[in-house]
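# Structure assessment
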Amino acid sequence: MTASKPSYWNRPGYKGLTPLTIGQLVDISAKKWPDKEALVFVHQEKRLTFGEIKDKADRLAAGLLQLGLSPGDRLAIWGPNSAEWCITKLAAARGGFIIVQLDPAYEKPQLLDGLNKVGVKALVCAQSFKTNNYYEMLRSLVPELDSCAETGVELNCSNVPSLKTLIFMGDCQYRGAYKFHDVLSSAQPKFLQRIQELQTLIQPDDGAVIHYSSGTTGNPKAVLLSHHNIVNNAVYVGKQIEQDKEGARINITMQFCHISGSVIGIISNIIYGATVVISSAVYDGEKVLETVEKERCTHIIATPSPFVEMIRIAKSQGLKFTTLKCAGIGGAPSSQELPLEILRTFNMERICSCYGMTEIGFVAIGQPGDDLEEMSNYVGHMSDDMEFKVVDREGRMVPIGTPGELWVRGYSVMLKYWGDEEQTLKSMGPGGWVKTGDQFILQEHGYGKVVGRIKDVIIRLADKIFPVEMENFFMKHPDVIEAQVLGVPDPKVGEEICVFLRLRDGIELTVEDIINYCKDKIPEYRIPRYIRFVKEFPRTVIGKVKKYELLEMLQKEFNGLL
């Protein structure tokens, strides 16, 4: 008997890796396409060319040097998508600062933790996000602002000792803070010259970005990524979604603070000379679809939930689309039917499914020419120049096609969790392998699928139940838009199954309706004991459902007895 082939994949790329930094890419793009439209912010009525991006990024970086920042200092940005956000991101790369990309939806406790965890020296922020007034939130965290001068000063904050500089986007002058435009326009020649000199000193392996992991299960961790991680990941994903095609215009719906938004929306377009279109500061399905035709977008990049909503809007309004070519979908599990629905609704040629996580970047992406089965059944093809293996609980490779935990090694793997050696060691196994925590099946032809999170596996009387499989089952119901399945502690059977369902507008179903739907389709012991209906799910800024909040809802319902 021959041994089964182990779950391992590696394939060299056709181009190899590049040693360029993000800042060097800004130089190259400005020389190659100085007058080409790079970024369109519809809600701000702003359009930036590649040449303008470099000029503004350099001026802001020089202004930050004048205010006392040095290469290696942490520069945080807090706010929704905007031209200023993009300029700040690239200014950090040009100045050698490590950009800390904060979720715009952070409340005061998360903001305080995010600033202190990595020792942020300067904060660039918007004036508001939805109903949150950012300056008022900062006043409560930094009460010293009330005694500051009217204009910007060096801060001395007891709650955030590292924070010295506060910069606000927009025209308002806040006490103790600088105005974004004033910092940018104040750049002196000697500091601009210093920015040019830094481009040969900043190294690819230097830390470039701190992303906070999405926090669907609790407090996020500070993930440190290098220029090398980000640039090479952007090279690969941009090629796979055909961002290099002539006339590519990419509509990004997710926030720049997320790795998908910043890699595809900022770095890949600088590499390939595509145009990125932002319809609104925060996702708005109607504005996206309105913008698509007006700006002649060829791509829409979104998580599954926005696509579900945009399909509903397009059908209800009878919209027709003539310019779209490709949809990029990832960031959360999708139903098997969704790719086909996207193709039909938006008159697209292909779906590019993507899989990854903050700690490892994009590591599985759809290939040009994928057929419908590959688009709907897999999260994509494993990336070139990376290594992948699927292992059991002891870290031994399982046979190909067998579920296990996906481990990843290669250029896109994070440097570390900032200031958290214990968590870094837990996540990074022997030999530099990062443990994803995802229950994964790797196929022999290099495609893979996620069947659940290791920690989310429901064990009921020794039967292992993968939530993703159950969610896909419920989303085949014609009236269900979205399903979330989780385990609920139970003293008799270990865990009971709970499903939260979001229904189509105007539809009402009962618990009995769902039970009847399950009968004769799945084993009786897999029919959920708890069935709940919701209008909306609690989500992170990129659309991932916060399952721990769903469990908290049940705990409150049963007075903490679960």
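The following refers to the structure shown. Everything quoted here is computed from the prediction, not taken from an experiment.

## Looking at the overall build of the protein chain
Per the secondary structure count, the protein chain includes 17 helices and 29 strands. Computed over its C-alpha atoms, the radius of gyration of the protein chain comes to 24 Å, within 12% of the 24 Å expected for a compact globule of 562 residues. Counting only C-alpha atoms, the protein chain reaches 75 × 55 × 55 Å along its principal axes. Going through the 562 residues of the protein chain one by one, you find that 58% of them count as buried. By sequence separation, contacts in the protein chain at least 24 residues apart represent 69% of the contacts at least 6 residues apart. Accessible area of the protein chain: about 23500 Å², with a carbon and sulfur share of 49%. For the protein chain, the distance from the average site of its 64 positive side-chain charges to the average site of its 69 negative ones is 2 Å.

## Some points on the environment of Leu-324
Note on placement: Leu-324 falls in the loop between α11 (304-317) and β16 (326-329). Along the chain, Leu-324 and Arg-296 lie 28 residues apart, while their C-alpha atoms are 7.7 Å from each other. When sequence neighbours within four positions are dropped, the list of residues in contact with Leu-324 reads Val-292, Cys-297, Thr-298, His-299, Ile-300, Phe-346, Asn-347 and Met-348.

## Observations concerning the sheet that holds strand β6 (residues 120-125)
What the eight strands build is an open sheet, ordered β10-β9-β6-β4-β5-β11-β12-β22; its pairing is mixed. Either end of the sheet is taken by a strand with one partner, and the two such strands are β10 (178-179) and β22 (416-417). By the bridge criterion, five bridges tie strand β4 (residues 74-78) to β6 in an arrangement that is parallel. In the sheet register, Trp-78 faces β6, and the bridge partner there is Cys-125. Those strands touched by helix α5 (residues 134-141) are β4, β6 and β9 (165-168), and its axis lies near 165° from that of β9.

## Description of empty space enclosed by the protein
Within this structure, the stated rule accounts for three cavities of 30 Å³ or more. Considering only enclosed or pocket space, the largest cavity measures out at about 50 Å³ in volume. A breakdown of the residues in the lining of the largest cavity according to their chemical character gives six nonpolar, six polar and no charged. By volume, the second largest cavity is sized at about 40 Å³. Tallying contributions element by element places helix α8 (residues 227-240) first for the lining of the second largest cavity, with three residues.

## Section: the sheet that holds strand β28 (residues 494-503)
Across a sheet, strands are paired by hydrogen bonds formed along the backbone, either parallel or antiparallel in direction. Read from one edge of the open sheet, three strands run β27-β28-β29, paired in mixed fashion. Each edge of the sheet is formed by a strand with only one pairing partner; in this case those strands are β27 (480-490) and β29 (530-533). Recorded for the sheet is a direction-independent mean angle of 20° between the axes of neighbouring strands. With four bridges joining them, β28 and β29 adopt parallel strand pairing. Looking at β29, one finds that Cys-498 is bridged to Tyr-530. Running at roughly 125° to β29, helix α16 (residues 511-518) makes contact with β28 and β29 of the sheet.

## Focus on the pattern of salt bridges
Enumeration over the complete set of coordinates arrives at 35 salt bridges. The salt bridge partner of Asp-244 is Lys-239, with a shortest N-O separation of 2.9 Å. You can call Asp-244 partly exposed: its relative accessible area is 30%. Between Glu-394 and Arg-396 there is a salt bridge whose closest N-O contact spans 3.5 Å. Ionic contacts of the salt-bridge type, sharing partners, join the residues Asp-27, Lys-54, Asp-58 and Arg-94 into one network.

Criteria and thresholds
- Residues numbered from 1 in each chain as written.
- Predicted model: local features only at pLDDT ≥ 70, side-chain atom pairs only at ≥ 80, totals over all residues.
- Heavy atoms only, no water.
- Helix = DSSP H or I, 4+ residues; strand = E, 2+ residues; numbered from the N terminus.
- Rg over C-alpha atoms; globule rule 2.2 N^0.38 Å.
- Buried < 20%, exposed > 50% of the residue type's maximum accessible area, 1.4 Å probe, protein only.
- Contact = heavy atoms within 4.5 Å.
- Areas by Shrake-Rupley, 256 points an atom, 1.4 Å probe, with all protein chains shown as cover.
- Lys, Arg positive; Asp, Glu negative; His and termini not counted.
- Charge placed at Lys NZ, Arg CZ, Asp CG, Glu CD.
- Pairing = 2+ DSSP bridges.
- Axes fitted to C-alpha atoms, helices over the stretch in contact; angles between N-to-C directions.
- 1 Å grid on protein atoms, 1.4 Å probe; cavity = no way out; pocket = protein on both sides within 12 Å on 5 of 7 lines; lining within 4 Å.
- Points joined across faces, edges and corners; volume = space filled by probe spheres on them.
- Nonpolar A, V, L, I, M, F, W, Y, C, P; charged D, E, K, R; others polar.
- Salt bridge = Lys/Arg side-chain N within 4 Å of Asp/Glu carboxyl O.

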